[in-house]
Amino acid sequence: MMNISENNYWMRLALEEAQRSTGLTSPNPAVGAVIVKDEIVIARGRTRQVGGNHAERDALSTLEPDGAKGATIYVTLEPCSTQGRSGACTDAIIEAGISRVVYGLKDPNPFHAGRADGILNAAGIEVERGICEEECRHQIRGFISVQTRGRPWVIAKTAMSLDGKISRPNEEGQWLSNELSRERVHLLRGEVDAIVTSGETVRRDNPSLTIRSPQISEEKEQPLRVVLTKCGLDQSQWKLFNDEYKNRTRVFENIKLREVLSQLSENEGVNTVMLECGGSLMGAFLDSNLIDEFMIFYAPMVTGGLHCATGGEGISGLEDRWGLENPSVEQIGNDLCLRGLVSTESRKKLER
């Protein structure tokens, strides 16, 4: 059996393949695979758009019929074991003569979870799992959220001044963050399946909410643009309803937030949502415990004003605060970008 460090090396290559499909595969998860023989990668694959190959079949498709015989395949997610659009991946692995399967994460889909081990073992194939498990879990956190909670993963993006405001004089335009930070926002849009905003933001900023970056794969479909409103909108006035992507715009009027998210996953195949809005809707999502991750851009300025980046009712005491797990901080030009997963489970005592 290969040692842990070697397993980790090959699995991280599979994770790199999975990353190439981020934002392209919903409602399926973005999965990566590499096939290794005699300590050489002989094939790589990743999950394609719906209707295309899963990662295992994608990798195998690049080889001659007997090319994978006796090889090891590393996959970020347990191979599927039921017939889908492209057939069970366990069948493809067995037919290819692969001798060993190493995967990172047990499939959260209850129709698949844990079944691959028995099927592959019965065919004489060695199975090992749990390699780089946390990294593999993070890679498909949107898919896991839908499978286990019935709603997409929500990433809240906001840009604010150092005093937590989103105010800016009208004559200076709507941007607080710099051009490099705005490019990063487009890359985030490329990761998600839907962008949620408010009717208030539409009326105030008339945003496009489109992907405008040459770094985004041409395979990427424009994310759904979802408008939440209490009083409706005159759709004739706003870009979202009249541009080339107007068929990618949805409106929910007076629908509870959790129900909106459930409908997006159930009816639209959405795994991951980006929240891009003003403080009122941002606060409502936070009050409802529906934000899973933050990406916050801090501009080096103090603006004052009434418009806060995050509103809502807030917490009644600091013991109820939200925290960020393993946050990363990056300087982008003169801005700072903070990104991390929301956590309420590990509230340590505050040091005063």
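Along each chain, residue indices are assigned from 1 in the same order as the chain's sequence is written. Only residues with pLDDT of at least 70 are given local features in this predicted model, and only at 80 or more are side-chain atom pairs given and counted; all residues enter the totals for whole chains, interfaces and linings. Values reported for side chains reflect all heavy atoms of the structure, with hydrogen atoms and water molecules removed beforehand.

Enquirer: Tell me what's going on with the pairing of strand S12 (residues 323-332), and back it up with residues and numbers.
Expert: Relative to strand S13 (residues 335-343), S12 runs antiparallel, the two sharing eight bridges. Within S13, the residue paired with valine 329 across the bridge is leucine 338. In textbook terms, the turn of a hairpin is the stretch between consecutive antiparallel strands, and for S12 and S13 this stretch comprises two residues, one of which, glycine 333, has a positive phi near 60 degrees. What makes two strands pair is DSSP finding at least two bridges between them. By definition, any uninterrupted DSSP run of H or I lasting at least four residues is a helix, any uninterrupted run of E lasting at least two residues is a strand, and each is numbered from the N terminus.

Enquirer: A description of the nonpolar core should follow, citing residues and the corresponding values.
Expert: Ranked by size, the top nonpolar core spans 39 residues in total, and within it Met11, Ile35, Ile73, Ile98 and Val101 carry the most contacts. Every element with two or more residues in this core is listed here: helix H1 (4-20), strand S1 (32-37), helix H2 (55-60), strand S3 (72-77), helix H3 (89-96), strand S4 (100-105), helix H4 (115-122) and helix H6 (141-149). Every residue in contact with isoleucine 73, bar those within four places of it in the chain, is listed here: Ala33, Val34, Ile35, Glu56, Ile93, Ile98, Arg100, Val101 and Val102. Residue types Ala, Val, Leu, Ile, Met, Phe, Trp, Tyr and Cys, when buried and joined through side-chain atoms within 4.5 Å, form a set referred to as a nonpolar core. Remark: exposure states derive from per-residue accessible area (1.4 Å probe, protein chains only) relative to the maximum for the residue type, with buried under 20%, exposed over 50%, and partly exposed in between. Core analysis: the next-biggest nonpolar cluster, separate from the first, contains 28 residues, Ala194, Val196, Leu286 and Leu338 among them. The contact criterion used is simple: two residues touch if any of their non-hydrogen atoms lie within 4.5 Å.

Enquirer: Hey, could you go over the environment of serine 208 for me, with residue numbers and the actual values?
Expert: Positionally, serine 208 belongs in the loop between helix H8 (199-205) and strand S8 (224-229). As a C-alpha pair, serine 208 and isoleucine 73 span 135 residues in sequence and 42 Å in three-dimensional space. When near neighbours in sequence (up to four residues on either side) are disregarded, serine 208 contacts Arg225, Lys239 and Leu240.

Enquirer: How would you sum up the side chain of asparagine 7? Please name residues and give values.
Expert: Among the structural elements, asparagine 7 can be located in helix H1. A residue is classified by how much of its surface remains accessible, and asparagine 7, at 0% relative accessible area, is buried. Here a polar contact is taken to be a pair of N or O atoms separated by no more than 3.5 Å, where protein atoms must pair a possible hydrogen donor with a possible acceptor and residues adjacent in sequence count only if both atoms sit in side chains. Within the structure, asparagine 7 has its side chain in polar contact with the side chain of arginine 100 (distance 3.2 Å).

Enquirer: Which residues make up H3, and what values go with them?
Expert: At 3.6 residues per turn, the α-helix brings residues three or four places apart onto the same side. Buried within H3 we find Cys89, Thr90, Ala92, Ile93 and Ala96. End-on, the buried residues of H3 take up no more than an arc of 160 degrees, which puts them together on one face. Two residues or fewer past H3, glycine 97 is found with a positive phi of approximately 80 degrees. The arc in question is the one spanned by the directions pointing from the helix axis to the C-beta atoms.

Enquirer: Account for the pattern of salt bridges, naming residues and giving values.
Expert: Whenever a carboxyl oxygen of Asp or Glu lies within 4 Å of a side-chain nitrogen of Lys or Arg, that contact is scored as a salt bridge. This structure, assessed with the given rule, holds 23 salt bridges. For arginine 137, the salt bridge goes to glutamate 134, with nearest N and O atoms at 3.5 Å. Here glutamate 134 and arginine 137 lie together in helix H5 (residues 133-139), a separation of three residues that amounts to about one turn. On the basis of relative accessible area, glutamate 134 is assigned to the exposed category, the value being 52%. Residue arginine 141 pairs with glutamate 293 through a salt bridge whose shortest N-O separation is 3.0 Å. Pair noted here: arginine 141 is in helix H6 and glutamate 293 is in strand S11 (residues 293-298), with a separation of 152 residues, a long-range link. Taken as a pair, arginine 141 and glutamate 293 share a single burial class, namely buried. Three or more residues joined by partner-sharing salt bridges are found here, namely Arg141, Glu191, Glu293 and Arg339.

Note that every value here comes from positions in space, so none of it alone points to a role or purpose.
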